[in-house]
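# Remarks on the overall topology
The lines below spell out each chain.
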Amino acid sequence: MPSDKLTRYRNAQHPIPEKMLRWHLYGAGLENLGKDGQPEEVPVPEPGDDELLVRIDALGLCFSDTKVVSLGEKHPRLVGRDLRKEPVVLGHEVSCTVVKVGKNLQDRFKVGQRFIVQADVFYQGKSIAYGYVLPGAMTQYGIIGKEIIEGDEGCYLLPIRDEDGYVEAALVEPWACVVASYNQKRRQHIRHDGEALLIMGERIPHTEFTLGEAITPSRRPRRVVALGASGQIRADLVNLASTSGLQWVEDTATVDSARRHAPEGGYDDILCIGELPAEVVEGVADLLAKGGVLWVLRRTPFDRCLSLDIGRIHYDSLWCVGAFGNDLSQANAVPLRAELLAGGTCWIVGGGGPMGQMHVQRAVQLPEPPALIVATDVDAVRLEAVRERYAATAERRGIRFVAINPKELSPEQFHAKLLELTDGKGFTDIVNMVPVAEVVADSARLLADGGVYNIFAGVARGVKACLDYNAICGRNVRFFGSSGSSLADIRLTLEQMESGQLQTRASLAAIGGMKAAHEGIRALMEARFPGKTVIFPQIPDLPLMSLAELKEKFPTVYAKLENGRFWTREAEEELLNQLLEVD
C-alpha cells in the first residue's frame, strides 16, 4: 500500500511552491543548457482561464533532445528563433499531474488527473511540437495551453490510470514511435488530382509499355508532365486527356525539363518508364513531394546502384517501387508489409542502444515473432545488456536470438556469418538504428527476396545511400521509414502498456533528479547507458545512476527491481517514499 505521503502526492493534495527549477537551452552546445550546468530557479506560473498547470512527475530523455542541443537554432523546428531571447524548454516524453485548472476548463479537468502528452502537436494547421516550439517538460511545473487542449486533432493530452507508474507512462511516447513504425502504410496508386511526372527512356525493340490500371479516368493526376512520352504510353495520355480532363504538357526527357516544370513542393508521383540511365532516375527522384512515390518500370537491370535520399525516405515517407515488365501497374503491386514477418528472420542494426533495445524487446514479445532475431552493435557493453535482458525470453519462446559485435569480425566474416544464420537467403526484415548511409547501403545487401528495410534511424534529409534498385524491381524488396507518432499510435501504445501486452518500463536503464538532467543529456550523447534515462523532476537532488547502481545507493529500491534488471511500479513507489519531500 502506498504511504500517506505518496497518496497525497498522487492526488496533488500538497502545497504548490512559489519557485521551481527549469532548464533553458540558450543555443547550440551543452554549455548553453541551463546556467553553469545547473537549472534555473523561476516562479511557478499561474494558469490562465483556458490553461492547466501540471506537475511533471517523470521525464524521459530522448536522442531527439540531443539533436536540439547540438544544433540549437539550426534545428529544423527552430529555424529563425533567437534562443538567447526565447530559449527552448526541452522534454516531450512526460508523465504529468494536473495541479491547477483554469476557470474555463473546470468542467473538463480536475486536480489530480494524470496525463501523458502526444508531442507532435498541430494547431491551426501548423506543427508546434511540445518540447520544441512549445515549452516542454524539463521543468518541475508547466503550463498546458489551448494549443495542446484544442489541437487540430483534438486534445493532445491522453489520460492514464491512477495505478500506472510514472516511468512506464512517460515511456509510452518513445514507444509509440516504435509501434508506429510497424503500422506504416504506403500509397499503391497514383495520387488523384495530384501532380505527376512521367519520363520515358529508350524502348527495347518490339517492346511496348502501358499505363495499365496505374492511371484511370477515376483516379488520375490533375496534371502530368510527360517527358519523351511515346508509343502506347502517349496514346494512353491522349485518351485520358480527352475522357477525364487530365492536363498534360510535353517536353524532352531530361532532368532539367523535369525541374523546369516541377510544381512548388514537388511531384506526388514520378513515373520512370523504359531504359532510363541511373543518373536520370536519381535526378528526378530529388523532385518528389512529401509522401511521393517513385515508380520505375523497365525491361533491363540498371548497371549500378542508385544514390537515393534515405533521409527523405525516413522523414518524408517517400516510397520507391518498381518492376521489370511492360505494365506500370506491376511496379506498385506489392503492398508495404511494415510488421515483422511471423516466422521470418529479423536483423536489428544498432540493437544495443535505447531505441534499438526497444525494437529487440518488441520483436521478442510479439504474439507471432520472427524465428530468428539478430541484434548487432559495436558497443560490447550495450550488446551484452541486450543479451542479458532478452536472450532468455527469446529462448523460452522458441526464438533463436543472436547478438553480434561487427568490430570483432572482419567485414567479410561479418557478412558471411549473417548469411550463414539465414541459410544464405538473407533477412526478411532489417530494422536500422544507425543514421549512417554506408551502414544502410551495406546492410541492405542482405535483404531476402520480398524483404523489408525499416530506416528507423533519424537520417538527415539530403543524406543519400547507394541502394540496389534492381532488387526493388526484380526481388520486391522495399525500403520505408517513419518519424514520430500520431495520436492513434500513442493511444494504441498506451492500451498495450495498460493491458500488460507491452512493458514500456523494461526500457529503463538509468534515473536521476531534476539537477541531473544536464548530465543525463551528456550521458545520452556519450551512449553511457544501454537503455532509456528518466528524470524525476520532483526529486531534484537525485544523482544520475544506472539501475545497477541502485544496489549500493538505494538497496531497498534495487530489491524491488524485476530480476535485478527491470524497473517496476514497486521500485518506483519505494524510491518516491524515500526521497519525495511532500508537506
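As a reminder, the structure under discussion sits directly above these lines.
No experiment lies behind these values; they were computed from the predicted model shown.

Conventions we followed
Residues numbered from 1 in each chain as written. Predicted model: local features only at pLDDT ≥ 70, side-chain atom pairs only at ≥ 80, totals over all residues. Heavy atoms only, no water. Axes fitted to C-alpha atoms, helices over the stretch in contact; angles between N-to-C directions. Helix = DSSP H or I, 4+ residues; strand = E, 2+ residues; numbered from the N terminus. Parallel < 35°, antiparallel > 145°, perpendicular 65-115°, else oblique. Contact = heavy atoms within 4.5 Å. Nonpolar A, V, L, I, M, F, W, Y, C, P; charged D, E, K, R; others polar. Core = buried A, V, L, I, M, F, W, Y, C linked by side-chain atoms within 4.5 Å. Buried < 20%, exposed > 50% of the residue type's maximum accessible area, 1.4 Å probe, protein only. Pairing = 2+ DSSP bridges. Right-handed = clockwise from strand over helix to strand, strands pointing away.

What follows is about the packing of helix 2 (residues 63–71) against helix 16 (residues 517–525). In the contact formed by helix 2 and helix 16, the axes pass within 9 Å of each other and the chain directions differ by 100 degrees. The pairing of helix 2 with helix 16 is recorded here as roughly perpendicular in orientation. Taking contact as the criterion, the partners of F63, D65, T66, V69 and S70 in helix 2 are, on helix 16, I521, L524 and M525. Residues of the contact of helix 2 with helix 16, tallied by class, amount to five nonpolar, two polar and one charged.

With 56 residues, the main nonpolar core has L52, F109, Y130, M138 and L157 as its most contacted residues. No other element matches the five residues that strand 3 (residues 52–61) contributes to this core. Beyond its immediate chain neighbours, meaning those up to four positions away, F109 contacts L52, V101, F115, I149, C155 and L157. Residues L294, V296, I310 and L421 belong to the second largest nonpolar core, which totals 55 residues.

Attention shifts here to the pairing of strand 14 (residues 288–298). In terms of residue burial, strand 14 counts as a mostly covered element, since nine of its 11 residues are buried. Strand direction decides the pairing type here: strand 13 (residues 267–273) and strand 14, joined by six bridges, are parallel. Across the sheet, the residue bridging to I273 is L297, located in strand 14. As for the winding sense of the linkage, the β-α-β connection from strand 13 through helix 8 (residues 278–285) to strand 14 is right-handed. Inspection of the sheet shows strand 14 paired to strand 16 (residues 319–324) by six bridges, in the parallel sense. Bridging across to strand 16, R298 finds its partner in F324.

The subject of this paragraph is the sheet that holds strand 17 (residues 345–349). Across the sheet, which stays open at both edges, the six strands sit in the order 19-18-17-20-21-23 with parallel pairing between neighbours. Every other strand in the sheet has two partners, leaving strand 19 (400–404) and strand 23 (478–481) as the edge strands with one partner each. Across this sheet, the average inter-strand angle for adjacent strands is 15 degrees, counted without regard to direction. As paired strands, strand 17 and strand 20 (residues 427–432) are joined by four bridges and run parallel to one another. Its bridge partner being in strand 20, W347 is matched across the sheet by I430. Helix 12 (residues 411–421) rests against strand 17, strand 18 (372–376), strand 19 and strand 20 of the sheet, and its axis sits at about 175 degrees to strand 19.

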